[in-house]
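Residue-level listing of the chains:
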Amino acid sequence: MEFKNFTHKSKDANDFHSPYQEISSRKTSAEIINEARLAIKESQNVDTNFAPSAIKPLQTQRPFTPRDKERHLFGNKKPKADRPPSSFSLRYLQYEQDPPITPPDSRLFAPSTYHISKQPSTPRIDELKKFYKSPSLTELSGNIFKIGIKEPCKIRLPSLENRPMQKRKIFTNATSLDNLPEETELKSEKTNIESRNAFSSPQERTTFDNNSNSNGSPFGRSSAKQHNLSECLLLGPQNLKKIFDNRHIIEHSETLFTSTVDGKQSRTIDDILRDLNKTDSQNYNDDIVRNLLEELYGFMDKEGMLNSKVSSKLKIVILKTLYRFVESKSEDILIGIAQIILIVKVTGNNLSGVCKLIFKISKNDENDHLFMRKNLLELFLDALGRSSPVDDAEACVYAYGALKFLTMNPKILHKVLDLGILPLMVLHMKLINSTVRIPFRLIELSFDSLISQKTEKTPLPKQTNHVLFQLTGTLRNVVSEEHVYDSFVFCGTVLQLCQALHLFSSDGDIIANISRTLSTISTNEICCDSLVEVESIYRTFIKLFNVHEENEEIVVRLTYTLGNIVAKIDNSRVKFFQEENSIGSLLKLWKSYLERTLQFCSLKVESSNIHSNSSSEDVMIKVIRVIANIVINPEIGKAINEQYGNKLIDEFLKVLISNPFKKNQELVLSILSTLNNLSYYYSTDLELDVFHVKQINIAEAIIEYSKSRNNDCVVETMRILGNLSRSKITRNYIAETEIFNTLVRLLDTAEPTLLKTTIGVFVNVMSDIRARKLFKTSGGIKKLVFILTKYCESDWLLGCLVCQVLWNYCIDTTDLYELFSNDEINELLILLADYLDEEKLFGINETTGDTEIFVTQEYLIWEEFANVATNLLEKIEYFLDTFDQIQIGVDKEPSSYTKESSANIAFSAW
């Protein structure tokens, strides 16, 4: 409705630029005031979204997505043949062959050792320490005695002193210490196995104190574990004499034979793994295994293995040991196993296995607290960061599946956000999109050009779609935190989501997840701006409307997102409207879901189908909201009226007059708001205007909603009548029907917005003589005077509208006593005189120097009121001054008064 803009002013005289203005750059107070007034008026009349004051964006509730009580990998969706299972057994890991984690090292395990064993043998401690610790190492190999030395600086033991070269060569295959391999020199697997000394097994190694030999070893004594060369020497009796003869070794190995302290030897990783392997995997004490796992983790943490690379040999041993317990019923044990496996940075099948293990634990929300212990989440995200969503698809499916569950917990969500989960997910999305983008580009090429190009592209694994589904499900949980929106835009998440919408448009599960995320972030202005920057977003939405027309879950969220975008940014309205079949796709959706709803209502459906009915109506609400917000742009509004006006009005009236829809207040309100926005562009000059042709049909359909209990519906009905009442046809219809009395009764309401819209209708209706008589007989004048008395001083805009109604009511008469009673005239004189007293209201007089008063919003609105109220007051005063001399048809009003009258007549005709 246009009643807010009841008058149009010309530019002030101060806008004229004097030729003497250049002499002084100092502006006068009048110029400052006028410039401020103009700026404030422009800010009031031109909204940030370019919506005229009479129409407004239509708002609605975001579609509700209930969370599943049970945690499933793919929710409650129907299972598909190629979909990864949500429940599985990890027993297969116990029988997994040693995987090629890193290039295999043949010095420790021969092919004959790759066998299935419930209790895999544990390598010697001196051999294992080589791979998790940087200090020195000695290897026993060769037929008699050969020692390989590893120091941090990668040095070799020096040659024996004072020995000729020929003698050294003699001992090459026997007892020489000179022919020692470098750290990087690897013997063949076969040589190592054949040359392994019988006394190199850890099970056969002895430990004893100074006084006794517990195992009855023939050696007599054993060296204590020290961080030097001697701790790695496992000696046979035949080698002792050669070692003692070597003065160089003795002098540089002061602790070659050092007794243990108090007879106790500190536990090593070898001891821990040995204890775990001795434990019966079928019948064991949970506390013992849990303590051993904690001890193992503590040892690895102490030795710095958390931040260093662990060798393939040690990985295999640890994994074989831990896999014996993967079927444990204790979550504490499983979480401990997962934590240690993550430390050794597994890849391939082992990475998939640990991700499945974590997923299995995360399925129960009672286990969420386990993920807050130590650095488990850090290790988990590190493993995920080293994975490829294409090459390690299975691992990523279960990893993101676990994260989807865990991010439902606010504490875990905040922690993973601090650890940088959002940039990682964006990177993985980008990798997936980049992999798929090339085939999609090829599809867009012509057939001839496609044949001419020789393009080889590896097909995308099916699991990659599942990865993206779990990833986008996690992302939906992430955006539940509003503080992440800035990072969301900064990381380029919006662009990747929009690309995925296009590339995976046929995958309903992925589109459903992305649509949930977009519907959430579209409530944020920054994210909306980012969405608008994606050029193809509107074309993608239109495509998805056609592809997933039957999927309510997708359509309702995409239309909600689109409605938010076009509600806030005018440029987005233009871009969407210019896309091919934009409005046509919305109309198609509307008709489809209208028919579906009517079908539900026409059948005696069971209670289980009621939800589907409400969902269909929700889609209709979101669809019509897009149209309501698009037509805020004047050019688009007029174009839609011309091209689609008939279809839209017919569809809208179909709902308004149908009983099944009348109970859905939000749907009715959405239709009324859309009709208001469209009818705003109704022009009485064009007889072919769709609203001119159908104005009576519309009035008849909306009349019952003027009595609705929903105040918003009544307000929108009044706005539509305000737009249609520009036409004399509608004004006559109002005067001839019960709706006129309804309008008069609404003047008793205390709700400001409803009062303004109702009085706005009377502004137009009062231009007809017939309506004036009805207004007087129904007591309308008395109600207007009461409104003026009670609300005017606190709401100048409402007072302005009341004065406009009164002005149009008496504009054509010279005898006010025909229309007003004497008491009403006297009361109006007093009220108008008080409300036009600037000094009383604002403290303004001729000496007032405070220019800030003139640019306040209250004063500017009061000025609008004063323009109309002054005309009305002058008319009453003129009538009273000349009452005794009046002769009907002879006396004439002043020319200036006539000029003011004609200006307001134009408004009343509108």
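Our structure's up above, just so we're on the same page.
Residues numbered from 1 in each chain as written. Predicted model: local features only at pLDDT ≥ 70, side-chain atom pairs only at ≥ 80, totals over all residues. Heavy atoms only, no water.

Trainee: How would you sum up a nonpolar patch on the surface? Please name residues and give values.
Mentor: Together, Tyr 817, Leu 880 and Phe 883 make up a nonpolar patch on the protein surface, roughly 230 Å² of accessible area in all. Locating Tyr 817 in the fold gives a position in the loop between helix H38 (796–810) and helix H39 (822–835). (Patch = residues over 30% accessible without salt bridge, like charges linked within 9 Å, V, L, I, M, F, W, Y side chains within 5 Å. Areas by Shrake-Rupley, 256 points an atom, 1.4 Å probe, with all protein chains shown as cover. Salt bridge = Lys/Arg side-chain N within 4 Å of Asp/Glu carboxyl O. Helix = DSSP H or I, 4+ residues; strand = E, 2+ residues; numbered from the N terminus.)

Trainee: Provide a residue-level description of the pattern of salt bridges, including the pertinent values.
Mentor: Enumeration according to the criterion identifies 27 salt bridges in this entry. Two residues, Glu 535 and Lys 575, come together in a salt bridge whose shortest N-O distance is 3.7 Å. On the criterion of sequence distance, the pair formed by Glu 535 in the loop between helix H21 (525–532) and helix H22 (537–547) and Lys 575 in helix H24 (residues 570–578) is long-range, its members being 40 residues apart. By relative accessible area, Glu 535 is classed as exposed at 55%. Between Lys 783 and Asp 748 there is a salt bridge, and its shortest N-O distance comes to 3.0 Å. Highlighted residues: Lys 783 in helix H37 (residues 780–791) and Asp 748 in the loop between helix H34 (739–746) and helix H35 (752–765), separated in sequence by 35 residues. The class of Lys 783 is buried, set by a relative accessible area of 19%. Judged by relative accessible area, Asp 748 falls into the exposed class, the value being 53%. (Buried < 20%, exposed > 50% of the residue type's maximum accessible area, 1.4 Å probe, protein only.)

Trainee: Tell me about the nonpolar core, and please be specific about residues and values.
Mentor: Ranked by internal contacts, the top residues of the largest apolar core, which has 225 residues, are Trp 590, Leu 656, Phe 820 and Phe 865. Excluding its chain neighbours within four sequence positions, the residues that come into contact with Trp 590 are Met 620, Val 623, Ile 624, Glu 651, Phe 652, Val 655, Leu 667 and Ile 671. (Core = buried A, V, L, I, M, F, W, Y, C linked by side-chain atoms within 4.5 Å. Contact = heavy atoms within 4.5 Å.)

Trainee: Can you tell me about the environment of Gln 339, naming the residues and giving the values?
Mentor: The residue Gln 339 is located in helix H10 (residues 331–343) in this model. For the pair Gln 339 and Leu 376, spaced 37 residues apart in sequence, the C-alpha separation works out to 5.9 Å. Ignoring sequence-local partners within four residues, the contact set of Gln 339 consists of Tyr 297, Arg 373, Lys 374, Asn 375, Leu 376 and Leu 379.

Trainee: Tell me about the side chain of Ser 530, and name the residues and values.
Mentor: Here Ser 530 lies in helix H21. Once residues within four sequence positions are removed from consideration, Ser 530 is found in contact with Val 489 and Val 494.

Trainee: How would you summarise the packing of aromatic side chains if you had to cite specific residues and measurements?
Mentor: How two aromatic rings sit relative to each other is set out by the distance from centre to centre and by the angle between their planes. Throughout the structure, instances matching the rule amount to 16 aromatic pairs. Measuring from ring centre to ring centre gives 5.3 Å for Tyr 680 and Tyr 681, while their planes differ by 90°; the resulting arrangement is edge-to-face. Its relative accessible area of 10% is what places Tyr 681 among the buried residues. With a centroid separation of 5.4 Å and 80° between ring planes, the pair formed by Tyr 809 and Phe 820 is classed as edge-to-face. Placement of Tyr 809 in helix H38 and of Phe 820 in the loop between H38 and H39 is noted, with a sequence separation of 11 residues between them. Ring-pair connections join several aromatic residues into one group, and the members of that group are Phe 740, Phe 762, Phe 775, Tyr 809 and Phe 820. Across from the ring centre of Trp 807, 5.9 Å away, lies the NZ or CZ of Lys 875, which sits over that ring. (Phe/Tyr/Trp six-rings, centres within 6.5 Å; stacked < 30°, edge-to-face > 60°. Lys NZ or Arg CZ within 6 Å of the ring centre and 35° of its normal.)

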